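# Overview (structure and organization)
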Amino acid sequence: MPQSTQDTIGIVGAGAFGVALAAMLGRAGRNTLLWSQRQDVVDKINGEHRCSSFPDVELPATIRASTDVEEFADTARFLVVAVSSETVRERLRVLGTAVTGRHLAVHAIGAFGPQGDMRVSRIISQETPILRTGVIAGPSMAKDLMAGSGTSLVCASEFDEVTREARRLLEVPSIMRLYTGRDVIGAELASALSGAYTIAIGLADGLGVGIGTRAVLITRAAREMSKLGSAMGASSETFFGLAGLGNLLVRSSVQGEHRSPSYSLGLDLVSGNGMGSHGEGSRAARAGLRMASAVGLRVPVLATIVRILDGEIEAAAAAELVKTVAESE
Amino acid sequence: MNPRVLPEARDRLATFNDARASIVDQVVGRVVDAHIELAAQGQDDSLEYVLNEVAFSEIRRLEKSSGRENKKRLGRWHELAHKLGHMSEADKREELTSIVRYHAQDIAGNFNPKVYRFANDILPPALSFLLNPISGLREGVQALGAMAESIRIDGPLDTINKCCEKGTLVLTPTHSSNLDSIVLGFAMNRSGLPPVTYGAGKNLFSNAFMSFFMENLGAYRVDRRMRFSLYKEVLKEYSTILLERGFHSLFFPGGTRSRSNLVEKRLKLGLLGTTATAMVNSLQKDSASRRIFIVPVTINYRLVLEAETLITDYLADTGKSRYIIEDDEFSRLGRIVDFARKTLAHEGAAIVKFGTPLDPFGNEVDENGDSRDGQGQIVDPASYLQNREGQVCADTQRDSVYTRMLGRKLASVYRRDTVFLETHLVARAAMELAHRRSGISDVLRLMRLSETALALPSQELAEVVDALRKVIVANPDAGSLEESLLSKPADEIIQEAIRFMSKYHTKRALYQVGEHVRIGSMKLLYYYRNRSGHLNFKWEG
């Protein structure tokens, strides 16, 4: 099938989410090109139509992969960045050598950048010449995408052109619905911070709290997130949508196959493990606390998570978290 | 005159008067055509709505004013409002054209090369001679040098000069005083930069002395009383066309003088947005067209002419609504001369810091006029304007986001390129110490304290100055110290600040009594303190 630059979706990263997204789009007849720096991954996709994340699934033949960043940049104008938050800066630095201002890029990274609390859309603008950026976020799991289950994401960008293109290229009737908006800060913060609050829910589940208390914790977490987001210039509504509450619910799923690392970390903390973690959820908790401190906002749930992570509260005393939530406000 | 800038780039404004009529025609043509095209869609875009908004806005304005001329104008707008419903489309188009032409002609400036030469070759020595009270006639010939010492210039001038030859410059300075345009004009001339056209509040043209120069040096009139959107469209189109034609321009993105003396953070993006529009228009006509370079500039005064009026206005309840101040120090020639003699005549009275040029998308530009991305790689600015098909196209929403990004970039450059002088340093230190010693953290409550109630021990004030200096040095993104202040003893800096702050203003901001420094004017202290307001510093001593 001939690939036109304007209709090809370039996916940065051939991990589980990137490949699953490519598979969903490929089955819908869309052209996709995955960019990976690993030759073995590329060879497997191009030669065997397989990937290590889903070894039992045969990928659509329309999916192509490349290690050549120049080819990747020449082939696709609309890019989806789907790499891990730890490697995003270095991957973008390489991408930045080939892309130009004509490219549009959204990222699907539900976390802050590798250091500190920088939002990924800002890292894209720092490391590449791309200015037309956005974010896709929400409770879509790679497995759902690969299975073709109906799912929804939110796409936020200051540029209407980006959200228009995202809908044109990523929406698939009855499988993928995209809701669009301009609240980039909100979508990125909601997506990243929900990882931090997921730790709290894992912790509460590890403590064996009842479903009522669990529901209170989730609700209070969404509320605290929205207050922090508003103070950072986001719309509070965003935190109760797919990027915030939607993400929180799916990440705190108790089902083993969907269990997120942040949720598992919460469970581990109860048994005295996981202190000093530098995973996405932990980094988000610390970043959120720094943001709150900078704007003089009280965030009891986040503060308690960080105290537990830092070993200031004994694992056995983690019930403090639940008590804090019940008393907050 | 700097020989490095090619005559073509330097003398573009000299061709302005020949082009003036065609510029006005082009403004009228574009604005009217755009409205006729939109009107075809009906609803809120119909000509009746557009004309009605003009009439309604002008009636509201003129009903509050007096004078025979205004009454006559009021009648004309009432008449239009009454007959609008019965007018034919042709009559509406004619009315629209007439209004647009009237305002385009009112806005359009004028440039007289003779006045420009006079202002640059004769005025500075004369002004310098006047400003320097100890100069005798013999020293007159050296006066230009004296002025050069009063106003220091810093920044990548070679890069800016080269960009000037490769494209159209848009200078975007911070705005503290109505003297900014004079100080900047001097700095530009000394740096070999060409004359620029700029928008000046129409109220400034009421000062006969200033009006003469502004009317002949390319300034165009911005009438801030005109609240209807058609006026803003005419103004923006005028600016767009000037940029397209390569006339170097100047905007004050702060919109008005900073009342608080805080470094501008929220910028007015209207005229700034014309850079992207002009670029789209130029590229659509010719892909090799001139580029547009935005040059951030900070103007850092040791003392500000209108400080007392501005801070009073800021603190007053009505401060935010008084956009146009017509009765400040700038309106009194005596105060300007007094200010100039007592402050501008001194070495380092003002520092004009030019920043690295930017493209309309906020990328820094190098000495070859090439845009560089965050990694320092060359990027083609036209690529930001390409659509899916690779064509440069107009997209109002897209370009408004680019302009917001550019505004954010400018605001961060303003903070980084702010230069702190003695008055800023000591005023901040004194305010911090006053907070600490009074136990009052709220500024407004602190200001209500009796000004003599606070005696600040000189020794402790020096400690605060030292601590503040360290914080400034550690935060280069929040500004820098004037070079001599890096090594000077703190007590010396305090004495100099006290001396300067006692010189010109009607009240002394600080004064020394024995081992203590007392506050003479909390308002003035607050004003000068605010220059570092964006810097996170608290004295816990």
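Residues numbered from 1 in each chain as written. Chains lettered and ligands numbered in written order. Predicted model: local features only at pLDDT ≥ 70, side-chain atom pairs only at ≥ 80, totals over all residues. Heavy atoms only, no water.

## A short note on the pattern of salt bridges
Counting across every chain of the model gives 44 salt bridges over all chains. Salt-bridge contacts for Arg76 of chain B lead to Glu95 of chain B; the nearest nitrogen and oxygen are separated by 2.7 Å. In this pair, Arg76 of chain B is assigned in helix H4 (residues 68-83) and Glu95 of chain B in helix H5 (residues 89-107), connecting sequence segments 19 residues apart. With its nearest N and O atoms 2.5 Å apart, the salt bridge here joins Glu482 of chain B to Arg152 of chain B. With Glu482 of chain B in the loop between strand E13 (480-481) and helix H19 (490-501) and Arg152 of chain B in strand E1 (residues 151-154), this residue pair connects regions lying 330 residues apart in the sequence. The exposure class assigned to Arg152 of chain B is partly exposed, which follows from its relative accessible area of 29%. Three or more residues are tied together by salt bridges with common partners; here these are Asp7, Arg77, Arg132, Glu161, Glu165 and Arg168 of chain A together with Arg388 of chain B. (Salt bridge = Lys/Arg side-chain N within 4 Å of Asp/Glu carboxyl O. Helix = DSSP H or I, 4+ residues; strand = E, 2+ residues; numbered from the N terminus. Buried < 20%, exposed > 50% of the residue type's maximum accessible area, 1.4 Å probe, protein only.)

## Let's talk about the packing of helix H2 (residues 16-39) of chain B against H5 of chain B
Between two packed helices, what matters for the description is the angle formed by their axes and the separation of those axes. Residues and elements named next belong to chain B. Between H2 and H5, the least distance of the axes is 9 Å, while the angle of their chain directions is 140 degrees. The angle between H2 and H5 places the two elements in the oblique class. For the pair H2 and H5, the crossing hand works out as right-handed. Together, Arg20, Val24, Asp25, Val27, Val28, Val31, Val32, His35 and Ile36 of H2 and Arg93, Leu96, Thr97, Val100, Arg101, Ala104 and Gln105 of H5 make up the contact between the two elements. Residue composition of the contact of H2 with H5, grouped by class: nine nonpolar, three polar and four charged. (Axes fitted to C-alpha atoms, helices over the stretch in contact; angles between N-to-C directions. Parallel < 35°, antiparallel > 145°, perpendicular 65-115°, else oblique. Left-handed = near helix turned anticlockwise from the far one by under 90°. Contact = heavy atoms within 4.5 Å. Nonpolar A, V, L, I, M, F, W, Y, C, P; charged D, E, K, R; others polar.)

## Some words on the sheet that holds strand E7 (residues 350-354) of chain B
Residue and element names in this part refer to chain B. Taken in spatial order, the seven strands of this open sheet run E1-E7-E6-E2-E5-E3-E4, and their pairing is mixed. A strand with exactly one partner marks an edge of an open sheet, and here the two such strands are E1 and strand E4 (219-222). Note that strand E2 (residues 167-173) and strand E5 (residues 249-250) share two bridges and pair parallel. For Val170, the partnering residue across the bridge sits in E5 and is Ser249. (Pairing = 2+ DSSP bridges.)

## Considerations on the interface of chain B and chain A
The extent of an interface is frequently quoted as the accessible surface area lost upon association of the parts. Contacts between chain B and chain A engage 21 residues on the former and 23 residues on the latter. One salt bridge connects Arg388 of chain B with Glu165 of chain A, and the closest N-O pair in it is separated by 2.9 Å. Taken together, chain B and chain A are joined by 16 residue pairs in polar contact (both at pLDDT 80 or more). Per element, the largest residue contribution to the side of chain B that touches chain A is seven residues, and it comes from helix H15 (residues 396-416) of chain B. (Polar contact = N/O pair within 3.5 Å; in protein donor to acceptor, adjacent residues only side chain to side chain.)

## Comments concerning the sheet that holds strand E12 (residues 455-457) of chain B
Residues and elements named next belong to chain B. Reading across the sheet, the three strands line up as E12-E15-E14 and stay open at both edges, with antiparallel pairing between neighbours. Looking along the sheet, the strands with just one partner apiece sit at the ends: E12 and strand E14 (510-513). Strand-to-strand twist across the sheet, computed as the mean angle between neighbouring axes with direction ignored, equals 35 degrees. Of the pairings in the sheet, the one linking E14 to strand E15 (residues 516-519) comprises four bridges and is antiparallel in character. Note that in E15 the partner of Leu510 across the bridge is Ile519. Where helix H16 (residues 422-438) meets the sheet, it contacts E12, E14 and E15, and its direction lies at approximately 105 degrees from that of E12.

## Focus on the side chain of Glu237 of chain B
Residue and element names in this part refer to chain B. Within the secondary structure, Glu237 sits in helix H11 (residues 229-244). Among the polar contacts listed, one links the side chain of Glu237 to the side chain of Arg30, at a separation of 3.0 Å. Residues contacting Glu237, with those up to four places away along its chain left out, are Val27, Arg30 and Val31.

## Examining the packing of aromatic side chains
Under the counting rule described, the total for this entry stands at nine aromatic pairs over all chains. Arranged with centres 4.9 Å apart and planes meeting at 35 degrees, the rings of Phe361 of chain B and Tyr384 of chain B form a pair that is tilted. Of the two residues, Phe361 of chain B is situated in the loop between E7 and strand E8 (364-365) and Tyr384 of chain B in the loop between strand E10 (378-379) and H15; the sequence distance between them amounts to 23 residues. Accessibility expressed as a relative area gives 3% for Phe361 of chain B, which makes it buried. Looking at Tyr384 of chain B, the relative accessible area reads 0%, which means it is buried. Clustering of aromatic rings is evident, with ring pairs tying together Phe159 of chain A together with Phe361, Tyr384 and Tyr402 of chain B. The aromatic ring of Tyr179 of chain A is capped on one face by Arg177 of chain A, whose charged end is 4.5 Å from the ring centroid. It is Arg508 of chain B that lies over the ring of Tyr511 of chain B; its NZ or CZ is 4.2 Å from the centre. (Phe/Tyr/Trp six-rings, centres within 6.5 Å; stacked < 30°, edge-to-face > 60°. Lys NZ or Arg CZ within 6 Å of the ring centre and 35° of its normal.)

## Examining H11 of chain B
Residue and element names in this part refer to chain B. Between its terminal C-alpha atoms H11 stretches 22 Å, which fits the 22 Å expected from 16 residues at 1.5 Å a residue. Among the 16 residues of H11, 12 are classified as buried, and the element is accordingly described as predominantly covered. Burial in H11 covers these residues: Leu230, Tyr231, Val234, Leu235, Glu237, Tyr238, Ser239, Thr240, Ile241, Leu242, Leu243 and Glu244. Gly246 sits one or two residues past H11 and shows a positive phi near 85 degrees. (Expected span 1.5 Å × (residues − 1).)

## Section: the state of the cysteines
Residues and elements named next belong to chain B. Counted according to the given criterion, the structure contains zero disulfides over all chains. Not engaged in a disulfide, the cysteine Cys163 finds its nearest cysteine sulfur in Cys164; these two sulfurs lie 8.7 Å apart. On the basis of relative accessible area, Cys164 is assigned to the buried category, the value being 0%. (Disulfide = S-S within 2.5 Å.)

## Here we look at the confidence of the model for chain B
Reading predicted coordinates in detail is not appropriate for stretches of low pLDDT. Model confidence for chain B is summarised by a mean pLDDT of 86, while 84% of its residues fall at 70 or above. This model gives residues 129-144 of chain B a pLDDT under 50, and the stretch forms 22 contacts once residues within four places in sequence are excluded. (pLDDT = per-residue confidence, 0-100.)

## A short note on the pairing of strand E2 (residues 31-35) of chain A
Residue and element names in this part refer to chain A. Taking burial as the measure, the five residues of E2 include five buried ones, the bulk of the element. The side-chain alternation of E2 yields two buried faces, one formed by Asn31, Leu33 and Trp35 and the other by Thr32 and Leu34. As paired strands, strand E1 (residues 8-12) and E2 are joined by five bridges and run parallel to one another. Within E2, the position partnered with Ile9 by the bridge is Thr32. In this region the chain leaves E1, passes through helix H1 (residues 16-27) and returns to the parallel neighbour E2; the handedness of that crossover is right-handed. As defined by bridge partners, E2 adjoins strand E3 (residues 63-66) across four bridges and the pair is classed as parallel. (Right-handed = clockwise from strand over helix to strand, strands pointing away.)

## Some remarks on the pairing of strand E8 (residues 176-181) of chain A
Residue and element names in this part refer to chain A. With six bridges joining them, strand E7 (residues 151-156) and E8 adopt parallel strand pairing. Bridging from a neighbouring strand, Ala156 pairs with Gly181 of E8. Running through helix H7 (residues 160-170), the crossover from E7 to the neighbouring parallel element E8 is right-handed.

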